[in-house]
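Next come the chains, spelled out residue by residue.
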Amino acid sequence: MPQADSPALRQGQPQTDLLIVGAGVMGLWAGLHAERLGIPATVVEARRPGAGASGGLLGALMPHMPDRWNDKKQFQFDALLTLEAEIAALEAATGLSAGYRRCGRLIPLAKPHLRRLAEGHMREAATLWKAEGRSFGWNVVDQPPLKDWIDPGAGEHGFVYDTLAGRLAPRALIAALTAHLQAGRHVRLLTDTPVTAIDVERRRAVIHGTDFAFSKCIMAAGHQSFPLLQPFGSMTARSLGQPVKGQSALLQADIDPAVPAIFRDGLYIVAHEGGHVAVGSTSEDSFDSPDDTDERLDTLIEAARDLVPALKDAPVIERWAGLRPKAIDRDPMIGPHPTHPWLFALTGGFKVSFGLAHRLAEAAVQMAAGHALPFPVPASFQFSHHLDIAER
């Protein structure tokens, strides 16, 4: 893999048509779409691909509830459907697995009013969750659809069994996307290459003290995008967004990887291949250390053990913490800066990035190429919208 002292930089070629800052899930998907369009592009990453929030453990692909339908929910629904084909194409091209499965999701209903609400959502899903000859359900059931997974007593008033939800293995996806870029012809990937500043007027990025010229730039560096984008407005340093800490854990257990993910009160339990079960995650707006785990994760692990008897004695084989990008208006942040149209944001996402990243990245690259978008992007996702919120 090219490094910061790669021949491209040593031989006096610090320039590119499209500069993509960040090799998390957003930036790597952007590189893939640039490769498909034949756009000469450079993806620069301060550390290694997936070193930030994209290198976590959970990989949950969870749809919004099928109620109060809007353009954001439609965008996510379409993204979750198209992701399946995108993953299949990526796996075929690289020979690597991304750990993807449409596993479904179980939500225990502990109170009577939750069942009534769920039954209403079930009727709405029957109408809304349909596309391309396929339909998915937000099914209300009295008992879990399989034994020896979730504790049946957790759903005193039944369970939601959502058949649209899925999961992937974050690190496996990052590895597959990285391999795809390494095998490409148009996109180069530079690791251990931090971008310390962007001179938007001169279209230069400062990399190790050297000017790196670009025609267009997509900022996809997670929460680190916010300060890099910040100089182009009058807002304070953190007003475009903030990092939110998440903690998760990986347990070793002999669990069928086809079982549905479980969700209850912010807790996700996701089975993966290889006898691994991921548990997460916290959402911490304030924290002392971004990389350390603590008693908050212990609480999640114990809650998972209570909910899934098979995890009672399962050993914890990894504890993880990282920072996710939360844009000022919570939605993803994508699109051109209104006064510097060669600069594009591709960040935010917070809790939904893995399900939307391929679609958001495609839109950002199409915008940078000056093409008409092949699908609509919600107005609340636009970079200009977030800037407006920040200015208020």
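Definitions and limits used
- Residues numbered from 1 in each chain as written.
- Predicted model: local features only at pLDDT ≥ 70, side-chain atom pairs only at ≥ 80, totals over all residues.
- Heavy atoms only, no water.
- pLDDT = per-residue confidence, 0-100.
- Contact = heavy atoms within 4.5 Å.
- Pairing = 2+ DSSP bridges.
- Helix = DSSP H or I, 4+ residues; strand = E, 2+ residues; numbered from the N terminus.
- Axes fitted to C-alpha atoms, helices over the stretch in contact; angles between N-to-C directions.
- Core = buried A, V, L, I, M, F, W, Y, C linked by side-chain atoms within 4.5 Å.
- Buried < 20%, exposed > 50% of the residue type's maximum accessible area, 1.4 Å probe, protein only.
- Phe/Tyr/Trp six-rings, centres within 6.5 Å; stacked < 30°, edge-to-face > 60°.
- Lys NZ or Arg CZ within 6 Å of the ring centre and 35° of its normal.

K.L.:
Summarise the confidence of the model for the protein; cite the residues concerned and give the values.
P.N.:
Per-residue confidence for the protein gives a mean pLDDT of 93, with 95% of residues at or over 70. For the stretch residues 1-12, pLDDT sits under 50, and the model shows 25 contacts to residues farther than four places along the chain or on other chains.

K.L.:
Give me the sheet that holds strand β16 (residues 267-272): which residues, what numbers.
P.N.:
The strand order across the open sheet formed by eight strands is β7-β8-β4-β15-β16-β17-β14-β18, and the pairing between neighbours is mixed. Pairing within the sheet leaves two strands with one partner each, and these edge strands are β7 (138-141) and β18 (316-327). Direction aside, neighbouring strands of the sheet carry axes that sit 20° apart on average. Summarising the sheet, strand β15 (residues 261-264) and β16 pair through three bridges and their orientation is antiparallel. The residue bridging F263 from the neighbouring strand is Y268, located in β16.

K.L.:
Explain the nonpolar core to me, and be specific about the residues and the numbers.
P.N.:
One broad rule of soluble globular proteins: the nonpolar side chains tend to lie buried together. If you look at the biggest cluster of nonpolar residues, it comprises 59 residues, and the most contacted ones within it are W29, L173, I218 and L346. No other element matches the ten residues that helix α8 (residues 353-368) contributes to this core. Beyond its immediate stretch of four places on either side in the chain, L173 contacts V25, W29, I87, L90, A98, L168 and F354. The next biggest cluster of nonpolar side chains, apart from the first, holds 26 residues, and it includes V44, V200, F212 and C217.

K.L.:
Summarise the packing of aromatic side chains; cite the residues concerned and give the values.
P.N.:
Pairs of aromatic rings are described using the distance from one ring centre to the other and the angle between the two planes. This model, assessed by the stated rule, comprises six aromatic pairs. An angle of 40° between the planes, with centres 4.6 Å apart, marks the rings of F263 and Y268 as tilted. You can call Y268 buried: its relative accessible area is 15%. Members of the aromatic cluster, connected to one another through ring pairs, are W69, F77 and F136. The ring centre of W342 lies 4.0 Å from the NZ or CZ of R203, which sits over that ring. Positioned above the aromatic ring of F375 is the side chain of R359, whose terminal nitrogen or guanidinium carbon lies 4.0 Å from the ring centre.

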